[in-house]
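# Topology and contacts: notes
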Amino acid sequence: DRCMVISNANRGINILGGNRMCIDAKNSLIANNGGHGFYSEINDNEVYGNRFFNCTIASNGGSGYFDTQTGPPINWMTNCIVAGNAQYGIRRNASGNYSSVRTFNMGYDCIYNNASGNISQVANGNIVDQGGLLFTDPMFAGGSDYHLQSGSLGIDGGLNLTWAGLTNDLEGAA
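The paragraphs below set out a description of the structure included in this document. For clarity, every value in this text was computed on a predicted model and none was experimentally measured.

Below, the discussion takes up the overall build of the protein chain. A tally of helices and strands in the protein chain yields zero helices and 17 strands. In the protein chain, which comprises 174 residues, the proportion classed as buried is 43%. Summing over all exposed atoms, the protein chain offers an accessible surface of approximately 8000 Å²; the carbon and sulfur share of this is 45%.

Right, here's the structure in full:
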């Protein structure tokens, strides 16, 4: 909760191998890393998945979010901004026995201006639009300042996530 993963030489967050491994990121900034902002390569036969709530994943040297999981997990991304990454915004390369039942639920996210494309789904699995997806400029303040400018559709544009324990943003403001 409220982490800043910034300016690493390679990947920002890197999860490899094993069972029952996932990330639960809330109110976090993953930016300016040399490789992918988030990378997950898991062989898991359990139903565990990555969850990103109220996160900004921007300006990374690879894709913003890249998963190659082979198990059946359900992944969530809600109220996030994924923008300006050097490859894809969201890249999924699901394979294995469970690839057809893997789901990536997205809702009230802003996916914008990622160099290779905003969303890439290489194999089976479902990307489910839970509503509110935007493909428009989030209007960052500029440079490495990821605050939103006045007039951004991202300001108060997401879901209320108090059920997930989220009442404050990255800086602790309600």
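Within this structure, the stated rule accounts for six aromatic pairs. Between Tyr39 and Phe66 the ring centres are 5.2 Å apart and the planes differ by 75 degrees, which places this aromatic pair in the edge-to-face class. Of the two residues, Tyr39 sits in strand E5 (residues 38–41) while Phe66 sits in strand E8 (residues 65–67), which places them 27 residues apart along the sequence. Phe66 carries the same exposure label as Tyr39, and that label is buried. Taken together, a centroid distance of 5.6 Å and an interplanar angle of 85 degrees make the contact between Phe52 and Tyr65 edge-to-face. Here Tyr65 lies in strand E8 and Phe52 lies in strand E6 (residues 51–53), a separation of 13 residues in the sequence. What links up through ring pairs into an aromatic cluster is the set Phe38, Phe52, Tyr65 and Phe104. Lying over the aromatic face of Tyr39, Arg11 brings its terminal NZ or CZ to 3.9 Å of the ring centre.

For strand E2 (residues 13–16) and E5, the ladder comprises four bridges, and the chain directions are parallel. Opposite Leu16, over in E5, you have Glu41 as the bridge partner.

A separate point is the state of the cysteines. Linking two cysteines covalently through their sulfur atoms gives a disulfide. What the rule picks out here adds up to zero disulfides. The thiol of Cys3 is not disulfide-bonded; the next cysteine sulfur, from Cys55, is found 8.8 Å away. Cys80 forms no disulfide, and the closest cysteine sulfur to it belongs to Cys55, at a distance of 4.6 Å.

Empty space within the largest pocket amounts to approximately 1100 Å³. Together, 36 residues line the largest pocket, and Asn54, Leu148, Gly154, Asp169 and Leu170 are the ones closest to its centre. A total of four residues in the lining of the largest pocket trace back to one element, the largest contributor, which is strand E17 (residues 145–148). When grouped by side-chain class, the residues that make up the lining of the largest pocket number 17 nonpolar, 14 polar and five charged.

This part is about the environment of Val82. Tracing the chain through its elements places Val82 in strand E10 (residues 81–83). On the basis of relative accessibility, which here comes to 0%, the residue Val82 falls in the buried class. Taking the C-alpha atoms as reference points, Val82 and Asn113, separated by 31 residues in sequence, lie 8.7 Å from one another.

Proximity of charged atoms lets side chains of opposite charge pair with each other. This structure, assessed with the given rule, holds two salt bridges. With its nearest N and O atoms 2.8 Å apart, the salt bridge here joins Asp24 to Arg51. Of this pair, Asp24 sits in strand E3 (residues 24–26) while Arg51 sits in strand E6, and the two are 27 residues apart along the sequence. The exposure class of Arg51 is partly exposed, given its relative accessible area of 30%. A salt bridge links Arg92 to Asp67, with the shortest nitrogen-to-oxygen separation between them at 3.6 Å.

Judged by pairing direction, the sheet is parallel, and its five strands sit side by side in the order E2-E5-E8-E11-E14 without closing on themselves. The open sheet has two edge strands, E2 and strand E14 (117–121), and neither has a second partner. Shown here is a sheet whose adjacent strand axes are inclined to one another by a mean of 5 degrees, direction ignored. In the sheet, strand E11 (residues 88–92) pairs with E14 via four bridges, with the strands oriented parallel. Along E14, the bridge assignment pairs Tyr88 with Gly117.

Here is what the cut-offs are and how they apply
- In this numbering scheme, every chain counts its residues from 1 along its sequence in written order.
- The model is predicted, so local features are restricted to residues of pLDDT at least 70 and side-chain atom pairs to those at 80 or more, both for listing and for counting; the totals for chains, interfaces and linings are taken over all residues.
- Note that water and hydrogens are dropped before the side-chain values are worked out from all heavy atoms of the structure.
- Runs of H or I in DSSP of at least four residues are treated as helices and runs of E of at least two as strands, each being numbered from the N terminus.
- Exposure categories follow from relative accessible area, calculated using a 1.4 Å probe and restricted to protein chains: below 20% of the type maximum is buried, above 50% is exposed, and the middle band is partly exposed.
- Only the protein chains shown count as cover for residues, and all accessible areas are computed by the Shrake-Rupley method using a 1.4 Å probe.
- Pairs were defined over the aromatic rings of Phe, Tyr and Trp, the Trp ring being its six-membered one, requiring ring centres within 6.5 Å. Orientation was assigned from the angle between planes: stacked under 30 degrees, edge-to-face over 60, tilted for the rest.
- A ring is scored as having a charge over it whenever the NZ atom of a lysine or the CZ atom of an arginine sits within 6 Å of its centre and within 35 degrees of its normal.
- We treat two strands as partners when DSSP finds at least two bridges between them.
- Two cysteine sulfurs form a disulfide in these notes if their separation is within 2.5 Å.
- Buriedness for pockets is judged along seven lines, at least five of which must meet protein on both sides within 12 Å for an open set on the 1 Å grid over protein atoms alone, while cavities are sets there where a 1.4 Å probe fits but cannot get out, and lining residues have an atom within 4 Å of a point.
- Grid points are joined across faces, edges and corners, and a volume is the space filled by probe spheres set on the points.
- Here the term charged refers only to Asp, Glu, Lys and Arg, the term nonpolar to Ala, Val, Leu, Ile, Met, Phe, Trp, Tyr, Cys and Pro, and the term polar to all other amino acids, Gly among them.
- For this document, the term salt bridge refers to a Lys or Arg side-chain nitrogen within 4 Å of an Asp or Glu carboxyl oxygen.
- Structural elements are reduced to axes, namely lines fitted to C-alpha atoms, with helices fitted over the stretch in contact, and the angle between N-to-C directions of any two is expressed from 0 to 180 degrees.

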